[in-house]
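Overview (structure and organization)
Chain residues, written in single-letter form:
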Amino acid sequence: MSSVSVPPPKCLQKTFVAPRRHMFGPGPSNVPPRILAAGAEPIIGHMHPEMLEIMSDIKSGIQYAFQTQNNMTIAVSGTGHTAMECAIFNAVEPGEGVLTAVNGIWGERAAEMAERIGAKVNSIVTTAGGVFTSEEIDQALAKHKPVLFFLTHGESSTGVVHPLDGIGDICHKHNCLFLVDCVASMGGAPLYMDKQGIDILYSGSQKVLNAPPGTAPISFSERACQKVFNRKTKPVSFFLDMTWLANYWGCDGKPARIYHHTAPVSAFYSLRESLAILAEQGLENSWQRHREVAEYFHEGLENMGLKLFVKNKNARLPTVTTIVAPPGYDWKEITSYIMKNHNLEISGGLGPSVGQVLRVGLMGGNSSKASVDMVLEALRDALRYCHKSKV
Ligand code: PMP
């Protein structure tokens, strides 16, 4: 007689083999064999000397990708959302003001996170697909006097790349930290953390870097560190407390590293490899390739009679393209058809763009003219075969 009342599940007797798919949605993107292989290396202790060296390499790789000299540069164990919370939870104390720029879902999410820790949150809002002028930002900062201003560089829900030049200076004039989300843009669109006066910048592993989801680069300027390390209250999250993470990543100058959490060892191997590939290819080459491939894609879409959601060419995000959902079609039918018949993922809208757009992400190794041709062919096929419905 067995002492366990829950039997071993039958489903676990089957071996799982992941389907091979073209991951051309807004993320995760395809992980190339070299990065997958790095992640399959044997596990070592998360505080063994080799691991500390890997973390140091990752830090250098992020400094390169972000174009920053910031010492306080690490990868958070978690996804882009984890880095987002790390930024907000460490930089803001309850009762302080936060201003978020909302031109898609990410400004809304940042606002919700700040609200949850008791910040006084205000937002400036523009239409999905739009951008803010420096004057609008200046005026809102003067009015609300926040300690932190949040802006998304690559708005993956709307397909917009937001200009960053000059905004850091405006924030600093108002004694406010400038927080930027580059999850969907880093490596795919020009970005200079130090030159652009960005105080906190975070990204994700699963987009242009082509690493598995689950690690998130983040960096804090000297100005941000002054605020983060001189708080009156402890951040609400132990896991995301930068005092602990700074020590864990060897950024606090202390000789001994204290155990904080068990690093996702394999994920760090992969992240290191993905940053090595970006460094080998060169950031500027990567930016240029993403731009050229996006332009080739956009031209192909327009030649098919499809419309781009972002009208201003300069505001089109080179990594994630938003296409106006073709009138008369059910967008879900198009994405399902393409998945079923072309083994290829593209997605619908997110947040304010739901029902309005199709989104195609061509990031990192997926950013190539061959991928574009594949997507165009799949779309052409879908438009031919999906029913023009009564929508
Ligand atoms: N910000 C942006 C701009 C994103 O595109 C995403 C991912 N879609 C996130 C934040 C959140 O990242 P994650 O899904 O890895 O938590």
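A quick note: this is a predicted structure, and the numbers were derived from the prediction, not measured. (Residues numbered from 1 in each chain as written. Predicted model: local features only at pLDDT ≥ 70, side-chain atom pairs only at ≥ 80, totals over all residues. Heavy atoms only, no water.)

1. Regarding the overall build of the protein
Scanning the protein from terminus to terminus reveals 12 helices and 14 strands. For the protein, the C-alpha radius of gyration of 22 Å lies close to 21 Å, the compact-globule estimate for 391 residues. The C-alpha extent of the protein, read off along each of the three principal axes, is 70 × 65 × 50 Å. Within the protein, buried positions represent 54% of all 391 residues. Working note: accessible area of the protein is about 17,800 Å², and carbon and sulfur atoms make up 54% of it. Averaged over its 36 positive side-chain charges, the protein has a centre that lies 6 Å from the centre of its 35 negative ones. (Helix = DSSP H or I, 4+ residues; strand = E, 2+ residues; numbered from the N terminus. Rg over C-alpha atoms; globule rule 2.2 N^0.38 Å. Buried < 20%, exposed > 50% of the residue type's maximum accessible area, 1.4 Å probe, protein only. Areas by Shrake-Rupley, 256 points an atom, 1.4 Å probe, with all protein chains shown as cover. Lys, Arg positive; Asp, Glu negative; His and termini not counted. Charge placed at Lys NZ, Arg CZ, Asp CG, Glu CD.)

2. Re the pairing of strand β14 (residues 357-361)
Within β14, 5 of the 5 residues are buried, which leaves it mostly tucked inside the rest of the structure. Judged by which residues are buried, β14 turns out to be covered on both faces: Val357, Arg359 and Gly361 on one side and Leu358 and Val360 on the other are all buried. In this structure, strand β11 (residues 320-324) lies alongside β14, joined through 5 bridges in antiparallel fashion. Opposite Val324, over in β14, you have Val357 as the bridge partner. (Pairing = 2+ DSSP bridges.)

3. Considerations on the environment of Ile198
Mapped onto the secondary structure, Ile198 falls in the loop between β8 (177-181) and β9 (200-202). Judged by its relative accessible area of 2%, Ile198 is buried. Each C-alpha atom, one on Ile198 and one on Ala224, is 9.3 Å from the other, the two residues being 26 residues apart in sequence. Leave out the neighbours within four places in its chain, and Ile198 touches Leu164, Phe178, Val180, Leu191, Tyr192, Met193 and Ser221. (Contact = heavy atoms within 4.5 Å.)

4. Comments concerning unusual backbone geometry
Residue Pro28 follows Gly27 across a cis peptide bond; omega there is 0°. Within the secondary structure, Pro28 is located in the loop between β1 (22-23) and α1 (33-39). With phi around 55°, Asn343 is a residue other than glycine that occupies positive phi space.

5. Considerations on the pairing of strand β3 (residues 97-102)
Within β3, 6 of the 6 residues are buried, leaving the element largely enclosed by the surrounding structure. Here β3 runs beside strand β4 (residues 120-125); their pairing, made up of 6 bridges, is parallel. Within β4, the position partnered with Val98 by the bridge is Val121. With helix α4 (residues 105-116) bridging β3 and its parallel neighbour β4, the resulting β-α-β unit is right-handed. Looking at chain direction, β3 and strand β5 (residues 148-152) are connected through 3 bridges and run parallel. The partner of Leu99 across the bridge, within β5, is Phe149. (Right-handed = clockwise from strand over helix to strand, strands pointing away.)

6. Brief notes about helix α9 (residues 265-281)
Between its terminal C-alpha atoms α9 stretches 25 Å, which fits the 24 Å expected from 17 residues at 1.5 Å a residue. Where α9 is concerned, the buried positions are Val265, Phe268, Tyr269, Ser270, Leu271, Glu273, Ser274, Leu275, Ile277 and Leu278. Summarising the contacts, the buried residues of α9 are in contact with α1, α2 (49-66), β2 (72-77), β10 (215-220) and α10 (283-303). Following α9 by one or two positions, Gly282 adopts a phi angle in the positive range, close to 90°. (Expected span 1.5 Å × (residues − 1).)

7. Observations concerning the UniProt feature "domain: Aminotransferase class V" (unreviewed entry) in the protein
UniProt feature "domain: Aminotransferase class V" (unreviewed entry): in the numbering of this structure it lies at residues 44-359. The span residues 44-359 is 39% helical and 17% strand by assignment, and the distance between its end C-alpha atoms comes to 39 Å. (UniProt positions renumbered as here; feature names shortened; annotations may be inferred.)

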